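Remarks on the overall topology
Okay, here's what each chain looks like letter by letter:
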Number of protein chains: 2
Amino acid sequence: MKHYQIIIIGAGAAGIGFGAALKRYDINDFLILEQGTVGDSFLKWPRTTQFITPSFTTNGFGFPDINAVVPNTSPAFSFNKEHLSGPEYAHYLSLVAKNDNLPIQTNTQVLTIQRHPKGYQVKTSQGDFSCRYLIMATGEFQLPNNQGIKGAELGMHYGQVDSFNVKSEDPFIIIGGNESACDALTHLAYLGNEVHLFTDSFGKRKTAADPSISLSPITQERLKHIQDNPNYHIHITEGKHAQEIHQTEKGYQVIFQDGSTAYSHHKPILATGFLNTCHLIGGEAIFDYNQDGIPLVTENDESTLNPNCFLIGPSLRQKNTIFCYIYKFRQRFSPLITEIASREGWQLDPDILEFYRANQMHLDRLDCCEVTCDC
Amino acid sequence: MKHYQIIIIGAGAAGIGFGAALKRYDINDFLILEQGTVGDSFLKWPRTTQFITPSFTTNGFGFPDINAVVPNTSPAFSFNKEHLSGPEYAHYLSLVAKNDNLPIQTNTQVLTIQRHPKGYQVKTSQGDFSCRYLIMATGEFQLPNNQGIKGAELGMHYGQVDSFNVKSEDPFIIIGGNESACDALTHLAYLGNEVHLFTDSFGKRKTAADPSISLSPITQERLKHIQDNPNYHIHITEGKHAQEIHQTEKGYQVIFQDGSTAYSHHKPILATGFLNTCHLIGGEAIFDYNQDGIPLVTENDESTLNPNCFLIGPSLRQKNTIFCYIYKFRQRFSPLITEIASREGWQLDPDILEFYRANQMHLDRLDCCEVTCDC
C-alpha cells in the first residue's frame, strides 16, 4: 500500500490549486486522487454555463485573476476571455497541472476512508493508499441538493442539464431563485421560451455586497436585460416553496407549500443548489454537518471529527465568511500548508509565503472578510 | 487669493480617488478644480462605450473592485453591472465625492499655472488660487492624439464620437488597431455595417499578459465573435500607416505611407489614442514630455521640471510600468500622500496606511509590477 504524507481527494479548482501551492513550498510527497479527469465537475457543467466571476489579467498588481488557482496564471490570459465555460476552465486547470507536473491519479473512485492511529487509509477503485494528512477537495457540483422535495427525481436538477439551448412551444418551470435558477431562466428566455420561475426568496431582492449572498453583477445585468424587454416571456413568482413533484397525464405537476400548483410538459428544472460530494464517500464519517449539509470544521479548516483531515474548496465556511468562490477559498491553501508544516516541523521558504501574501492568497485572519461597500 | 496646501486639477477617477485618500488620511486643506463636472471625460465617452475592465464586488477579500477609486466602494455594487458606461462611471465618482464630502469647484477652467518660491499660483476662469502642492489629475480622454496625420481635422476622432449606434449603406473606415479601434469596429459591425480597419500594428497580435499592452479579454471576446461569424462585414488590413486625409467629391480619402489609398463617404474614424490634457494649460511648462507625449516624472511621480508638482492618473509611467488603468494608478495615491507628509512633517495614521496596503492600493516598490502568466 503506497503511503504519502498528503492525499488530496479531488482534482478540481481546490485540489489543483492546493497541489500547485504544495509544489511551490517544495512539498512533493503527495498524491491527488480524482474520480474522473482534471476539472471533472467543470466538464459536467451545462454547455451554456459560464463563470459568473470575471477573469482579467490584473496579475502583477497584487490582484491575480480572480478565477486563477495560482497567482501567476490567468484564465483570461489562457483563453482571451472574461467568462470561461466549464470545459474551458477544466482545460485551464489541466494546463496548471501540466505546468506544475502535479501527481494526479485520475479515473480513481474513492470508496472508503478509514482512520488509523497514524493517519488515513483510502480505499479506491484503483488500489489502496495511506496518508498522514487528508485534504478533502471534493467540490459541490456533482451532488444535487433537492431540499426535501418529494418526487425530486421526476424533475431535472440544474447540474444534470446538458445545455439550455432548447426551444419549445411549451412553457418551462424553474424551482429556485439564485445564480443557477437565473442562469436557466435567462438562457431559456433568450431563445424565446416562456419560462415560469418559482422561488422562496429571489436573489435579486438581496442587497448584500458579498456576491456569495446576492446575485453577481453579470447575472443582474442579464436579468435586467430580459426583464426590461417585453419580447421575453418570463414570470417570476416569489414566496413559493416547492414540496412535491408528480407526473400526470399532462406532464409534470409541482405542488407548493401554499397548496397552489403549476404544470409543465417539461421536467421542472430544480435549481436548488448542491451539496459537498464527500457525503458520497463510504467508511466512517469524515465530517459532521450543519443543517444545510455544510461540513463542520475548526478554525484551521480541520474536520471536527477527524484530526489531520482538512476541508478546502467552495463548501468552506468560517463564522460568517462564505468561501464559495475561487478567489475566496484559494486564500486558505497557504495557511493550511503553514499549519501542516508547523505540525511536522518542516521549514517553509519565507519568500513563498511572502509571494502568496503579496498576491492576497494567504488569509490567516478570519475576522477581516466582511464585504461592505459605501457606494 | 485663496491658498490651499494641495490643489488637485481634475475631478475624474484620479482626482476623486486622490481626494478621497487625502480625506481618509485626515488631510483636509485641499481643493479639487474641475473644468466641467465630476467625471467630465466619462460623460463625454461615446454612449456605446463601456469599461473594458470588469467590475466585481471582491471587496472584503483584499481585492477592491478593479474600477473602484476607494477600497470600500464598488461600481459593480452601485450599478449591479460588470461593465459600466461612461455616464454610469461619472455617477459612481459623484457618489464617492458626495459620500466623502470632497471640496470640488466645478465649471472652472485652469488658464495658467505659475510657479513661485513657495508653491504655485493657479489662474482660473473663476478666480485665482495658490497652493504648496500641485496634483495634476488631468486625464487623457479629451485630447486626441492624431499622430501627425495631415488633415486629421477632416476625420472624426474616437473621443469626438457621440455614439456608434449608426447604420449606413456606405462602408466605414477606422484608423488604428487598439482598444478604441476595436470598440468602434465591433459596434459598427454589430449593426450590419461594412467596416474597414487599417492599422500599423493590430493589438490582437500582441500576446503580453499586461492588458496595457495587449487587448483586454472582453475586446478579444468581441473580436472573436465578429471574426468567427460570416454575417459581419469587416476587413482588417495591417501594416498601414495613415499619413493624410483629404476631402474629395466622393467623400474622404486616406493616403497611407505605402502610397495606397482608401475612400469612404463617412469621415474616417481616428482611433489613434489620446494625450494628457495638461498639454492644454497655459503659463510655464508643467512637465517635460517624452516622444510619445507622456509627461516625464521622477520616481516619486514628481515633475522633472517643477518640485512639489505631481502626476497622477493614466498618463503615469515608471520605467516599464504603465499605469493606464484605474486599478494600476490608484496604487500611487497613498505613496504620494506619504511623500508629501514626509516633506511637511505630518504624522499619518498607520492604520490608514495599513488599510491601503491590505487592499493592494499602496504600491511603493516600482520593481514588482511585471505582468507575467505561466498559463
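Provided above is the structure to which this section pertains.
The text that follows walks through the structure, step by step, so that each part is easy to find. These numbers were taken from a predicted model, which means no experiment stands behind them. (Residues numbered from 1 in each chain as written. Chains lettered and ligands numbered in written order. Predicted model: local features only at pLDDT ≥ 70, side-chain atom pairs only at ≥ 80, totals over all residues. Heavy atoms only, no water.)

**Focus: the interface of chain A and chain B**
- The partner chain B presents 56 residues to the 56 residues of chain A that form the contact.
- When chain A packs against chain B, close to 4,400 Å² is buried across both sides, 65% of that on carbon and sulfur atoms.
- When residues of chain A are sorted by the area they lose upon contact with chain B, Phe61, Phe63 and Cys375 of chain A head the list and together hold 20% of the total.
- Applying the counting rule to chain A against chain B returns 0 salt bridges.
- At the surface where chain A touches chain B, the tally comes to 20 residue pairs in polar contact (both at pLDDT 80 or more).
- Where the side of chain A that touches chain B is concerned, the elements lending two or more residues are helix H3 (75-79), helix H4 (86-99), helix H6 (217-228), strand S18 (321-322) and helix H7 (326-329) of chain A.
- Here the residues of the side of chain A that touches chain B are counted per class, giving 26 nonpolar, 22 polar and 8 charged. (Contact = heavy atoms within 4.5 Å. Buried area = accessible area lost by both parts, 1.4 Å probe. Salt bridge = Lys/Arg side-chain N within 4 Å of Asp/Glu carboxyl O. Polar contact = N/O pair within 3.5 Å; in protein donor to acceptor, adjacent residues only side chain to side chain. Helix = DSSP H or I, 4+ residues; strand = E, 2+ residues; numbered from the N terminus. Nonpolar A, V, L, I, M, F, W, Y, C, P; charged D, E, K, R; others polar.)

**What about the pairing of strand S6 (residues 127-136) of chain A?**
Residues and elements named next belong to chain A.
- Most of S6 is tucked away, with 7 of its 10 residues classed as buried.
- Relative to S6, strand S1 (residues 2-9) is paired through 7 bridges, and the arrangement is parallel. Bridging from a neighbouring strand, Tyr4 pairs with Cys131 of S6.
- Note: strand S5 (residues 119-124) against S6, 5 bridges, orientation antiparallel. Across the sheet, residue Tyr120 finds its bridge partner in S6, namely Cys131.
- Linking S5 to S6, which pair antiparallel, is a turn of 2 residues. (Buried < 20%, exposed > 50% of the residue type's maximum accessible area, 1.4 Å probe, protein only. Pairing = 2+ DSSP bridges.)

**Remarks on the packing of aromatic side chains**
- Scanning the model with the defined rule gives 43 aromatic pairs over all chains in all.
- Summarising the aromatic geometry, the rings of Tyr4 of chain A and Phe129 of chain A are spaced 6.4 Å apart at their centres and angled 45° between planes, so their arrangement reads as tilted. Linking Tyr4 of chain A in strand S1 with Phe129 of chain A in strand S6, this pair joins segments that are 125 residues apart in sequence.
- Aromatic side chains Phe42 of chain B and Trp45 of chain B sit 5.2 Å apart centroid to centroid with 55° between the ring planes, which places their arrangement in the tilted category. Like Phe42 of chain B, the residue Trp45 of chain B is buried in the burial classification.
- Looking at Lys250 of chain A, its charged tip hangs above the ring of Tyr263 of chain A, at a distance of 4.3 Å from the centre. (Phe/Tyr/Trp six-rings, centres within 6.5 Å; stacked < 30°, edge-to-face > 60°. Lys NZ or Arg CZ within 6 Å of the ring centre and 35° of its normal.)

**Describing the relation of the copies chain A and chain B**
- Its rotation angle being 180°, the transformation that places chain A on chain B also includes 0.0 Å of axial translation and leaves an RMSD of 0.0 Å. In short, the pair behaves as if placed about a two-fold rotation axis.
- Most of the interface of chain A is mirrored in chain B, where 100% of its interface residues again form contacts. (Least-squares fit on C-alpha atoms with pLDDT ≥ 70 in both.)

**Concerning the sheet that holds strand S11 (residues 242-247) of chain A**
Residue and element names in this part refer to chain A.
- In space, the 3 strands of this open sheet follow the order S11-S12-S13, with antiparallel pairing throughout. The open sheet has two edge strands, S11 and strand S13 (261-264), and neither has a second partner. With direction set aside, neighbouring strand axes in the sheet form an average angle of 20°.
- Bridge analysis of S11 against strand S12 (residues 252-256) gives 5 bridges, and the strand direction is antiparallel. In the strand pairing of S12, His246 is matched with Gln253. (Axes fitted to C-alpha atoms, helices over the stretch in contact; angles between N-to-C directions.)

**Considering the pattern of salt bridges**
- Inspection of every chain in the model, using the stated rule, returns 29 salt bridges over all chains.
- Here Asp40 of chain A ties to Lys44 of chain A by a salt bridge, and the two come within 2.6 Å at their closest N and O atoms.
- With relative accessibility at 9%, the residue Asp40 of chain A sits in the buried group.
- Accessibility expressed as a relative area gives 40% for Lys44 of chain A, which makes it partly exposed.
- Asp228 of chain B is paired through a salt bridge with Lys224 of chain B; the nearest N and O atoms lie 2.7 Å apart.

**Section: helix H5 (residues 179-190) of chain B**
Residues and elements named next belong to chain B.
- The terminal C-alpha atoms of H5 lie 16 Å apart, and with 12 residues this matches the ideal 16 Å at 1.5 Å per residue to within 8%.
- Burial of H5 is extensive: 11 of the 12 residues sit out of reach of the surface.
- Those residues of H5 lying buried are Glu179, Ser180, Ala181, Cys182, Asp183, Ala184, Leu185, Thr186, His187, Leu188 and Ala189.
- Of the surrounding secondary structure, the elements contacted by the buried residues of H5 are strand S8 (172-175), strand S9 (194-199), helix H6 (217-228), strand S10 (233-238) and strand S14 (269-270).
- At the exit of H5 stands Gly192, carrying a positive phi of roughly 95°. (Expected span 1.5 Å × (residues − 1).)

**Thoughts on the side chain of Ser130 of chain A**
Residues and elements named next belong to chain A.
- Relative to the assigned elements, Ser130 resides in strand S6.
- Residue Ser130 is classed as buried on the basis of its relative accessible area of 6%.
- Within the structure, Ser130 has its side chain in polar contact with the side chain of His3 (distance 2.7 Å).
- What Ser130 contacts, discounting residues up to four positions off in sequence, is Met1, Lys2, His3, Tyr4, Ile7, His116, Tyr120 and Gln121.

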